[in-house]
Amino acid sequence: MPEVILPCPACGSIDCECLFAEDEMYSVDCVDCSMRGPAERNPDSAISAWNTLPRALRWTHEPPNVAGWYFQRAMGKEKTQRIAFVSATLSGLHCKCGCSSRPLAHWVEFEWAGPIPAPID
Ligand SMILES: [Zn+2]
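On a predicted model such as this, the values are computed, not experimentally measured, just so you know. (Residues numbered from 1 in each chain as written. Predicted model: local features only at pLDDT ≥ 70, side-chain atom pairs only at ≥ 80, totals over all residues. Heavy atoms only, no water.)

Engineer: Lay out the coordination of the zinc ion in plain terms, naming residues and giving numbers.
Structural biologist: On the protein side, the zinc ion has Cys 8 (SG), Cys 11 (SG), Cys 30 (SG) and Cys 33 (SG) as donor atoms, found 2.3 Å from it. Each donor residue of the zinc ion lies on the same chain, and together they follow the pattern C-x2-C-x18-C-x2-C. (Donors = N, O, S within 2.8 Å, 3.2 Å for Na, K, Ca; no water.)

Quick look at the structure:
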């Protein structure tokens, strides 16, 4: 069974379709922004390749529930955006950001985006 086609990584549109491209290759294309996924030999491979493209993180008011790197900003203040590291400790999640280091529960009135995926070799 073919995979579901995920929304466009560039614009978030769900109006994306797998099309026959030139040279007997297939790719998933976004109708709204014209982004084109990697060309593959068959539709299933084209959809798989499209689905593995990195997608934008979304800001949320929900605090992190797993360890990792996050974008963090004061609620409603875009210019305060910075990177925070959330680690798991025996007493729960802990957040280190700039020169502050305190339990995650003490970071109130913040927005979060993440976890930011780690690079692979
Ligand atoms: Zn798009």
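Engineer: Requested: an account of the pairing of strand β2 (residues 26-30), with residues and values cited.
Structural biologist: With 4 of 5 residues buried, β2 is to be regarded as a mostly interior element. As paired strands, strand β1 (residues 16-20) and β2 are joined by 5 bridges and run antiparallel to one another. Across the sheet, Glu 17 pairs through a bridge with Asp 29, a residue of β2. Joining the antiparallel neighbours β1 and β2 is a turn of 5 residues, in which Asp 23 adopts a positive phi near 60 degrees. (Buried < 20%, exposed > 50% of the residue type's maximum accessible area, 1.4 Å probe, protein only. Helix = DSSP H or I, 4+ residues; strand = E, 2+ residues; numbered from the N terminus. Pairing = 2+ DSSP bridges.)

Engineer: Give me the lowdown on unusual backbone geometry, citing residues and values where you can.
Structural biologist: Negative phi values dominate among residues other than glycine, just as trans dominates among peptide bonds. Residue Pro 115 is bonded to the preceding Gly 114 through a cis peptide linkage, with omega at 0 degrees. Mapped onto the secondary structure, Pro 115 falls in the segment after β7 (110-113). The residue Glu 109 is not glycine, and still its phi comes out positive at about 65 degrees. Mapping Glu 109 onto the fold places it in the loop between β6 (100-103) and β7.

Engineer: Which residues make up the domain arrangement of the protein chain, and what values do they have?
Structural biologist: Each assigned domain of the protein chain is listed with its residue range as follows: domain 1 (1-56) and domain 2 (68-113). If you average the C-alpha positions of domain 1 and of domain 2, the two centres end up 34 Å apart. (Domains from an automatic or database assignment.)

Engineer: Give a description of the packing of aromatic side chains that names residues and reports values.
Structural biologist: One pair of aromatic rings is described through two measures. These are the centre distance and the angle between the planes. Summed over the entire model, instances satisfying the criterion amount to 6 aromatic pairs. Aromatic pair Trp 59 and Phe 71: ring centres 6.5 Å apart, planes at 65 degrees, arrangement edge-to-face. Here Phe 71 lies in strand β3 (residues 68-74) and Trp 59 lies in the loop between α1 (43-51) and β3, a separation of 12 residues in the sequence. On the basis of relative accessible area, Trp 59 is assigned to the partly exposed category, the value being 30%. Arranged with centres 5.3 Å apart and planes meeting at 70 degrees, the rings of Trp 107 and Phe 110 form a pair that is edge-to-face. Per residue, the accessibility class of Trp 107 equals that of Phe 110, and both read buried. A connected cluster of aromatic rings, assembled from ring pairs, spans Tyr 70, Trp 107, Phe 110 and Trp 112. Against the face of Trp 59 rests Arg 73, its NZ or CZ located 4.0 Å from the ring centre. (Phe/Tyr/Trp six-rings, centres within 6.5 Å; stacked < 30°, edge-to-face > 60°. Lys NZ or Arg CZ within 6 Å of the ring centre and 35° of its normal.)

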